[in-house]
Amino acid sequence: YPVFPDLVMTGKRVRGLTASLTAGKFNVDITRGEINRRIESDTLKTFSVDSLTAEQRRDSLGAFGMYDAATNRWAKFAYGTFSRDIFIIRPSIGSREGSHFGLTYLKSKDDINSIRAGVRPKENLLLGSDLLVVFDHRNIEISGQAAVSATNQNISRGDMTDFEIDSVFYKTESQSRRDRIKQIRDILGRFITVNENLVPLNMSNLPTLAYEGGIALNYFDNSFRVNYLRRGNNFESFGQSFVRTDVRGFNLADRVRLANGQVILSGGYERLQDNTADTKPATTTFMTGNFSVGYFPHVNAPSVTIAYLLA
């Protein structure tokens, strides 16, 4: 379970290699391996080639393929799951436990050849950065991170050809604009498959950009933190399955230790809104508040915590 900034990778098991290098103030973290195992497709039924057309008419969305070339028999399959590889590299400058600045590159792709029959193999590319600045023995912490992603929802057809670009954009774009699209395809195609399934196809409202930043203060047995975040509706990292997207807003939290740490009071408030791309007819506001009091005796006795949550 390699650890990278939250927007890049958290809680993902990687079957492969994870390595770290520290040389003075320069650090490099690398992960390469498999995050999804392949699940082979099942053979539902076999039939002669003469029945192929009839079977495809019965199930136009089914998966069909050659079962035995020697006897010219075909089969209908239940779709399997592609294996998915991932590669992450993060160089950083500074202290791993203190102030530092890092850059992250993530590339993840389904292996089309890993199973016999699958649907919509995907590919993901992410570029990110993170910053942590600490002062006064970590009593003041300023942190932030940002990432932009690109995801292709179906790479089975490969990159768009020149003919396909001319056909798709013939009525909406000029010849010079179509030539520019071809140049962009050639550049981006070195990193990710470029076709009509690539997200984003346009950069209006930055749908695949995510960022957050905050400050934490730790003084007088009191810990206070405030954080602002914005995550686009199409932001996606194959290394992070749990991040909440299409939200923007802030959250704050405070914790006070009393009676030599035996009593802890804590509270927090969060206000988030969706519709980051301004494509929904209405915007929803989510407000959550919480308060708790805990008693942790220094003697061998049970601890007690009472909490209240309002959402």
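Residues numbered from 1 in each chain as written. Predicted model: local features only at pLDDT ≥ 70, side-chain atom pairs only at ≥ 80, totals over all residues. Heavy atoms only, no water.

(A) Spatial organisation of the nonpolar core. Counting residues in each nonpolar core, the largest one holds 14 residues, and the members touching the most others are Val8, Met9, Ile86, Ile88, Leu106, Leu126 and Phe235. With near-sequence residues (within four places) excluded, methionine 9 lies in contact with Pro2, Phe4, Val14, Ile86, Ile88, Gly239 and Gln240. Judged by nonpolar contacts, the second largest core, of five residues, contains Ala150, Ile192, Val194 and Leu198. (Core = buried A, V, L, I, M, F, W, Y, C linked by side-chain atoms within 4.5 Å. Buried < 20%, exposed > 50% of the residue type's maximum accessible area, 1.4 Å probe, protein only. Contact = heavy atoms within 4.5 Å.)

(B) Main features of unusual backbone geometry. The omega torsion of the bond from valine 199 to proline 200 falls at 5°, within 30 degrees of zero and hence cis. Examined against the element boundaries, proline 200 turns out to sit in the loop between β10 (198–199) and β11 (209–219). For asparagine 260, which is not glycine, the phi dihedral falls at a positive 55°. Along the chain, asparagine 260 turns up in the loop between β13 (247–258) and β14 (263–273). (Helix = DSSP H or I, 4+ residues; strand = E, 2+ residues; numbered from the N terminus.)

(C) Region of the structure containing the sheet that holds strand β4 (residues 63–68). Ordered in space as β3-β5-β4, the three strands form an open sheet in which the pairing is antiparallel. Edge positions in the sheet fall to β3 (42–48) and β4, since each has one partner strand and no second. Each adjacent strand pair in this sheet contributes to an overall mean axis angle of 35°, direction not counted. Sheet analysis places β3 next to strand β5 (residues 73–78), joined by six bridges and oriented antiparallel. When the bridges of β5 are listed, lysine 45 appears paired with lysine 76. (Pairing = 2+ DSSP bridges. Axes fitted to C-alpha atoms, helices over the stretch in contact; angles between N-to-C directions.)

(D) Region of the structure containing the packing of aromatic side chains. Inspection of the entire model under this criterion finds four aromatic pairs. Taking 6.3 Å as the distance between ring centres and 65° as the angle between the ring planes, the aromatic pair formed by phenylalanine 47 and phenylalanine 64 counts as edge-to-face. On the criterion of sequence distance, the pair formed by phenylalanine 47 in strand β3 and phenylalanine 64 in strand β4 is long-range, its members being 17 residues apart. Across this residue pair, the class does not change: phenylalanine 47 and phenylalanine 64 are buried. Arginine 84 extends its terminal NZ or CZ atom over the ring of phenylalanine 238, reaching a point 4.0 Å from the ring centre. Note that arginine 244 overlies the ring of phenylalanine 286, its terminal NZ or CZ placed 4.7 Å from the centroid. (Phe/Tyr/Trp six-rings, centres within 6.5 Å; stacked < 30°, edge-to-face > 60°. Lys NZ or Arg CZ within 6 Å of the ring centre and 35° of its normal.)

(E) Molecular detail of helix α3 (residues 175–188). For α3, spanning 14 residues, the distance from its first C-alpha to its last is 20 Å, which sits close to the expected 20 Å at 1.5 Å a residue. Those residues of α3 that sit buried are Arg178, Ile181, Lys182 and Arg185. Projected down its long axis, α3 shows its buried positions confined to an angular sector of 100°, all on one face. (Expected span 1.5 Å × (residues − 1). Arc of directions from axis to C-beta.)

(F) Focus on the side chain of threonine 276. Turning to its location among the elements, threonine 276 is positioned in the loop between β14 and β15 (285–295). Overall, the relative accessible area of 3% leaves threonine 276 in the buried class. Excluding anything up to four places from it in sequence, threonine 276 contacts Asn205, Arg230, Arg231, Gly232, Asn233, Asp246, Val247 and Arg248.

(G) Region of the structure containing the environment of asparagine 251. Within the element layout of this structure, asparagine 251 appears in strand β13. Remark: the alpha-carbon pair of asparagine 251 and valine 226, spanning 25 residues in sequence, is separated by 5.9 Å.

(H) The arrangement of a nonpolar patch on the surface in detail. A cluster of nonpolar side chains, contributed by Phe135, Ile142, Ile215, Leu217, Tyr219 and Phe220, occupies part of the molecular surface with about 570 Å² of accessible area. On the secondary structure map, phenylalanine 135 appears in strand β8 (residues 123–135). Overall, the relative accessible area of 42% leaves phenylalanine 135 in the partly exposed class. (Patch = residues over 30% accessible without salt bridge, like charges linked within 9 Å, V, L, I, M, F, W, Y side chains within 5 Å. Areas by Shrake-Rupley, 256 points an atom, 1.4 Å probe, with all protein chains shown as cover. Salt bridge = Lys/Arg side-chain N within 4 Å of Asp/Glu carboxyl O.)

(I) Expanded view of the environment of asparagine 290. Structurally, asparagine 290 can be placed in strand β15. Judged by its relative accessible area of 37%, asparagine 290 is partly exposed. C-alpha separation for the pair asparagine 290 and asparagine 205, spaced 85 residues apart in sequence, amounts to 32 Å. Apart from residues no more than four positions distant in its own chain, asparagine 290 is found in contact with Ser266, Gly267, Gly268, Tyr308 and Leu309.

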